[in-house]
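# An overview of the molecular structure
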Amino acid sequence: MVRFVVEKPQIMSATQNVVVSETTRSSIIPNNNSSSQKLPPGLISISKKKLLKNIDIINGGGQRINAWVDSMRASSPTHLKSLPSSISSQQQLNSWIMQHPSALEMFEQIMEASRGKQIVMFLDYDGTLSPIVDDPDKAFMSSKMRRTVKKLAKCFPTAIVTGRCIDKVYNFVKLAELYYAGSHGMDIKGPAKGFSRHKRVKQSLLYQPANDYLPMINEVYRQLLEKTKSTPGAKVENHKFCASVHFRCVDEKKWSELVLQVRSVLKEFPTLKLTQGRKVFEIRPMIEWDKGKALEFLLEALGFGSTNNVFPVYIGDDRTDEDAFKMLRDRGEGFGILVSKFPKDTDASYSLQDPSEVMDFLRRLVEWKQMQPRM
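In this report, the structure presented in the accompanying data block is examined.

Criteria and thresholds
- Residues numbered from 1 in each chain as written.
- Predicted model: local features only at pLDDT ≥ 70, side-chain atom pairs only at ≥ 80, totals over all residues.
- Heavy atoms only, no water.
- Patch = residues over 30% accessible without salt bridge, like charges linked within 9 Å, V, L, I, M, F, W, Y side chains within 5 Å.
- Areas by Shrake-Rupley, 256 points an atom, 1.4 Å probe, with all protein chains shown as cover.
- Salt bridge = Lys/Arg side-chain N within 4 Å of Asp/Glu carboxyl O.
- Lys, Arg positive; Asp, Glu negative; His and termini not counted.
- Charge placed at Lys NZ, Arg CZ, Asp CG, Glu CD.
- Helix = DSSP H or I, 4+ residues; strand = E, 2+ residues; numbered from the N terminus.
- Buried < 20%, exposed > 50% of the residue type's maximum accessible area, 1.4 Å probe, protein only.
- Pairing = 2+ DSSP bridges.
- Axes fitted to C-alpha atoms, helices over the stretch in contact; angles between N-to-C directions.

On the surface, a cluster of positive charge is made up of Lys144, Arg147, Lys151, Lys154 and Arg363. When residues in the positive patch are grouped by element, the largest group, four residues, is from helix H6 (residues 143-155). Structurally, Arg363 can be placed in helix H12 (residues 355-371).

Of note in the backbone geometry, Lys174 takes a positive phi value of approximately 60° without being a glycine. Relative to the elements of secondary structure, Lys174 occurs in the loop between helix H7 (166-173) and strand S5 (179-182). For Lys174, a relative accessible area of 52% corresponds to the exposed category. One non-glycine residue with positive phi stands out, namely Ser183, at about 50°. Residue placement: Ser183 occurs in the loop between S5 and strand S6 (187-189).

Right, let's talk about the sheet that holds strand S9 (residues 243-246) for a bit. Across the sheet, which stays open at both edges, the four strands sit in the order S8-S9-S11-S10 with antiparallel pairing between neighbours. The strands lining the two open edges of the sheet, one partner per strand, are strand S8 (235-238) and strand S10 (272-277). Adjacent strand axes in the sheet meet at a mean angle of 20°, parallel and antiparallel pairs treated alike. Summarising the sheet, S8 and S9 pair through four bridges and their orientation is antiparallel. Following the sheet pairing, Glu237 is matched in S9 by Ser244.

Pairing of S10 with strand S11 (residues 280-285) involves six bridges; the strand directions are antiparallel. Bridged to Gly277 within S11 is Val280. Hairpin connection of S10 to S11: two residues between the antiparallel strands, including Lys279 at a positive phi of 55°.

Rendered as structure tokens:
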């Protein structure tokens, strides 16, 4: 692949925070600077193909805008009342469920597959531990769910992997014994000292692969706030290492306008990429890092990087969770569970319908673990 160096605008050089062994880091973190000549501070290596594709996405014409709007419709949550009550629709749903059966109904088979292995739990937040709501600042998890996750963390190493910044999701979860991977895995922290019951990590864990992008994300966030303020319902969030523009409450007639506003900001930042989630635009650094990489990093940090004695389980509901589902499928260990009431293309092996079923599944896991000593 042809590679070239692009100067990162508005980036201050900063040292990444990494408190893990060098063996762990080198075996899991992709090395983009493969040549013997090191790049000077402020420069990154980006494939020419990826950079040109990103510029095309941001600066495309009318057809590109229409494609984005179509994608926005396709990625929007489907409501039960809007589904056609036809035989073909039911057949599609039945066929999808056969391919991605309920994790609750398949619980015994799942536990049998995990026999003799260490289960490690990875959980998305929005739409998984909490319901999807119009205002992302009000996506509170229930006290019952919090108690369930707390019990789960006593039984298995447990991580929250989310697009939100760590501080915000921690304010929702309020459990110091968990691992947290915020900003789509670009901000990873271990449990607070003295809280973890699992001793495989003997030192504090902190990894921030996009640390140099902080000034750029802050500037993009500021510009997006200004640019989208004329669009009713648009909400911009700063997730520290990435930013998001929610269009859940934006009238569909305004979607084209919102696409233009977002792209008009991003055209000045070619080293950021624009992706789409569940009624949200995601603006992230163009680095080889996602939720799948974060999951892999955490498994390595926990000491399970090169063993077949681990059984990772990832539960999530969004497009960004597919990176983690695919990583587990490629790894051939553990599995992914998609939280959805409707058929979706996914690399997950199983499904659950909503956060209430997620809580039921986690409770059964805890009960199963507690029964092991007796058995």
